[in-house]
Amino acid sequence: MSDGISNDAEDVVGVLTERIEARFAMDMDQLKAAVAAAPAANPGATDVVRWHGLLVEAQSVLDHAEDDLLAALETQPSEVDDPTMRLAHRVNAAVTARDDRAMVVRWLLDPDTPGKKDLAAERLARLRPRSGPAVQTSAPPQPAGTPAPASAWRAGRPAR
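Residues numbered from 1 in each chain as written. Predicted model: local features only at pLDDT ≥ 70, side-chain atom pairs only at ≥ 80, totals over all residues. Heavy atoms only, no water.

**Observations concerning the overall build of the protein**
The criterion, for reference: Counting from the N terminus, the helices are the DSSP runs of H or I reaching at least four residues and the strands are the DSSP runs of E reaching at least two. Burial status follows relative accessibility: with a 1.4 Å probe on protein chains alone, a residue under 20% of its type maximum counts as buried, one over 50% as exposed, and anything between as partly exposed. Contacts were defined at the residue level, with two residues in contact if any of their heavy atoms lie within 4.5 Å. Computed with the Shrake-Rupley method and a 1.4 Å probe, the accessible areas treat only the protein chains shown as cover for residues.
Looking only at helices and strands, the protein features 6 helices and 0 strands. Secondary structure of the protein in N-to-C order comes out as α-α-α-α-α-α. When each of the 160 residues of the protein is scored for burial, the buried share is 22%. Of the contacts formed within the protein by residues at least 6 apart in sequence, a portion of 58% connects residues at least 24 apart. For the protein, the accessible area works out to roughly 11400 Å², and carbon and sulfur atoms hold 57% of it.

**Here we look at the side chain of Gln-76**
By secondary structure assignment, the location of Gln-76 is in the loop between α3 (43-74) and α4 (82-109). Assessed through its relative accessible area of 17%, Gln-76 is described here as buried. If we skip the residues at most four places from it in the chain, Gln-76 touches Asp-81 and Thr-84.

**Re α4**
So the rule is basically this: A helix's residues, less one, multiplied by 1.5 Å, set its expected span.
In a regular helix each residue adds 1.5 Å, so 28 residues correspond to 40 Å; α4 covers 41 Å between its end C-alpha atoms and thus fits that length. Every buried residue of α4 is listed here: Thr-84, Leu-87, Ala-88, Val-91, Ala-94, Arg-98, Ala-102, Val-105, Arg-106, Leu-108 and Leu-109.

So yeah, pure geometry; function would need other evidence.
Following this line, the structure appears as C-alpha coordinates:
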(Lines give C-alpha, C1' and ligand atoms only; values in the text may rest on other atoms or scores of the structure.)
Protein backbone atom coordinates (compact mmCIF):
# COMPACT_ATOMS: atom_id res chain seq x y z
CA MET A 1 0.00 0.00 0.00
CA SER A 2 1.04 3.60 -0.35
CA ASP A 3 0.64 6.57 2.00
CA GLY A 4 3.19 5.20 4.47
CA ILE A 5 1.21 2.04 5.16
CA SER A 6 3.31 -1.09 5.02
CA ASN A 7 2.08 -4.37 3.59
CA ASP A 8 2.83 -5.94 6.99
CA ALA A 9 -0.51 -6.89 8.56
CA GLU A 10 -0.12 -5.27 11.96
CA ASP A 11 1.26 -2.09 10.44
CA VAL A 12 -1.92 -1.42 8.45
CA VAL A 13 -4.13 -1.38 11.52
CA GLY A 14 -1.47 0.25 13.69
CA VAL A 15 -0.74 3.13 11.33
CA LEU A 16 -4.41 3.86 10.73
CA THR A 17 -5.12 3.68 14.45
CA GLU A 18 -2.37 6.25 15.05
CA ARG A 19 -3.85 8.51 12.36
CA ILE A 20 -7.30 8.26 13.91
CA GLU A 21 -5.96 9.05 17.36
CA ALA A 22 -4.03 12.05 16.01
CA ARG A 23 -7.04 13.33 14.06
CA PHE A 24 -9.42 13.20 17.01
CA ALA A 25 -6.79 13.92 19.71
CA MET A 26 -7.73 10.91 21.84
CA ASP A 27 -6.89 7.22 21.94
CA MET A 28 -9.20 4.67 20.33
CA ASP A 29 -10.78 3.56 23.61
CA GLN A 30 -11.70 7.15 24.47
CA LEU A 31 -13.00 7.77 20.95
CA LYS A 32 -15.10 4.60 21.02
CA ALA A 33 -16.55 5.62 24.38
CA ALA A 34 -17.33 9.13 23.11
CA VAL A 35 -19.04 7.76 19.99
CA ALA A 36 -21.00 5.22 22.05
CA ALA A 37 -22.18 8.00 24.38
CA ALA A 38 -23.21 10.41 21.61
CA PRO A 39 -23.15 8.82 18.12
CA ALA A 40 -24.84 11.80 16.45
CA ALA A 41 -22.49 14.40 17.95
CA ASN A 42 -19.79 13.83 15.34
CA PRO A 43 -20.88 11.73 12.35
CA GLY A 44 -17.29 11.66 11.05
CA ALA A 45 -16.00 10.14 14.27
CA THR A 46 -18.88 7.66 14.31
CA ASP A 47 -18.06 6.54 10.76
CA VAL A 48 -14.34 6.24 11.52
CA VAL A 49 -14.95 4.18 14.67
CA ARG A 50 -17.33 1.87 12.80
CA TRP A 51 -14.94 1.29 9.91
CA HIS A 52 -11.94 0.92 12.23
CA GLY A 53 -13.85 -1.86 14.00
CA LEU A 54 -14.53 -3.52 10.65
CA LEU A 55 -10.83 -3.17 9.78
CA VAL A 56 -9.74 -4.78 13.06
CA GLU A 57 -12.22 -7.60 12.46
CA ALA A 58 -10.90 -8.15 8.91
CA GLN A 59 -7.35 -8.20 10.25
CA SER A 60 -8.31 -10.90 12.76
CA VAL A 61 -9.91 -13.00 10.01
CA LEU A 62 -6.75 -12.58 7.93
CA ASP A 63 -4.50 -13.60 10.84
CA HIS A 64 -6.50 -16.80 11.40
CA ALA A 65 -6.56 -17.61 7.67
CA GLU A 66 -2.77 -17.16 7.45
CA ASP A 67 -2.23 -19.36 10.49
CA ASP A 68 -4.42 -22.09 8.97
CA LEU A 69 -2.56 -21.87 5.66
CA LEU A 70 0.86 -22.03 7.31
CA ALA A 71 -0.18 -25.08 9.35
CA ALA A 72 -1.43 -26.81 6.20
CA LEU A 73 1.71 -25.94 4.23
CA GLU A 74 3.94 -27.43 6.94
CA THR A 75 2.29 -30.82 6.42
CA GLN A 76 2.29 -30.71 2.62
CA PRO A 77 4.59 -32.71 0.43
CA SER A 78 6.05 -30.93 -2.59
CA GLU A 79 2.64 -30.39 -4.24
CA VAL A 80 -0.19 -28.35 -2.72
CA ASP A 81 -3.50 -30.19 -2.47
CA ASP A 82 -6.96 -28.71 -3.10
CA PRO A 83 -7.86 -28.06 0.56
CA THR A 84 -4.61 -26.12 1.01
CA MET A 85 -5.27 -24.18 -2.18
CA ARG A 86 -8.70 -23.25 -0.79
CA LEU A 87 -6.94 -21.93 2.31
CA ALA A 88 -4.68 -19.83 0.08
CA HIS A 89 -7.74 -18.38 -1.66
CA ARG A 90 -9.24 -17.64 1.76
CA VAL A 91 -6.09 -15.70 2.67
CA ASN A 92 -6.30 -13.73 -0.58
CA ALA A 93 -9.94 -12.87 0.07
CA ALA A 94 -9.11 -11.81 3.64
CA VAL A 95 -6.29 -9.56 2.40
CA THR A 96 -8.67 -7.94 -0.07
CA ALA A 97 -11.30 -7.34 2.61
CA ARG A 98 -8.73 -5.89 5.00
CA ASP A 99 -7.23 -3.62 2.34
CA ASP A 100 -10.66 -2.41 1.20
CA ARG A 101 -11.60 -1.49 4.76
CA ALA A 102 -8.25 0.24 5.23
CA MET A 103 -8.96 2.33 2.12
CA VAL A 104 -12.33 3.38 3.55
CA VAL A 105 -10.69 4.44 6.83
CA ARG A 106 -8.05 6.43 4.93
CA TRP A 107 -10.80 8.06 2.86
CA LEU A 108 -12.73 8.99 5.99
CA LEU A 109 -9.62 10.54 7.54
CA ASP A 110 -8.66 12.63 4.49
CA PRO A 111 -10.68 15.87 4.34
CA ASP A 112 -9.30 16.72 0.88
CA THR A 113 -10.42 13.52 -0.83
CA PRO A 114 -12.23 14.28 -4.11
CA GLY A 115 -15.98 14.21 -3.70
CA LYS A 116 -15.83 14.45 0.06
CA LYS A 117 -16.34 18.20 0.22
CA ASP A 118 -19.45 17.78 -1.90
CA LEU A 119 -20.65 15.08 0.51
CA ALA A 120 -20.06 17.37 3.50
CA ALA A 121 -21.90 20.21 1.78
CA GLU A 122 -24.81 17.89 1.04
CA ARG A 123 -24.99 16.78 4.68
CA LEU A 124 -24.91 20.39 5.87
CA ALA A 125 -27.66 21.36 3.43
CA ARG A 126 -29.88 18.61 4.82
CA LEU A 127 -29.29 19.77 8.38
CA ARG A 128 -29.62 23.52 7.76
CA PRO A 129 -33.21 24.81 7.95
CA ARG A 130 -34.43 26.65 4.89
CA SER A 131 -35.56 30.22 5.23
CA GLY A 132 -37.82 30.11 2.20
CA PRO A 133 -38.50 28.20 -0.97
CA ALA A 134 -35.48 27.14 -3.01
CA VAL A 135 -37.10 28.43 -6.22
CA GLN A 136 -38.93 31.71 -6.62
CA THR A 137 -42.64 30.92 -6.67
CA SER A 138 -44.08 34.28 -7.73
CA ALA A 139 -43.38 36.69 -10.56
CA PRO A 140 -40.86 39.42 -9.79
CA PRO A 141 -42.44 42.83 -9.03
CA GLN A 142 -42.91 45.13 -12.04
CA PRO A 143 -41.53 48.67 -11.89
CA ALA A 144 -44.22 51.32 -11.33
CA GLY A 145 -45.86 52.55 -14.52
CA THR A 146 -44.96 49.46 -16.55
CA PRO A 147 -48.00 47.51 -17.67
CA ALA A 148 -47.85 43.81 -17.06
CA PRO A 149 -47.59 41.84 -20.31
CA ALA A 150 -50.89 40.39 -21.40
CA SER A 151 -50.87 36.76 -22.28
CA ALA A 152 -51.97 35.66 -25.75
CA TRP A 153 -55.22 34.12 -24.53
CA ARG A 154 -56.17 37.35 -22.73
CA ALA A 155 -55.61 39.40 -25.83
CA GLY A 156 -57.77 37.03 -27.85
CA ARG A 157 -54.95 36.05 -30.19
CA PRO A 158 -53.66 32.54 -30.79
CA ALA A 159 -50.45 31.68 -29.03
CA ARG A 160 -47.41 31.39 -31.22
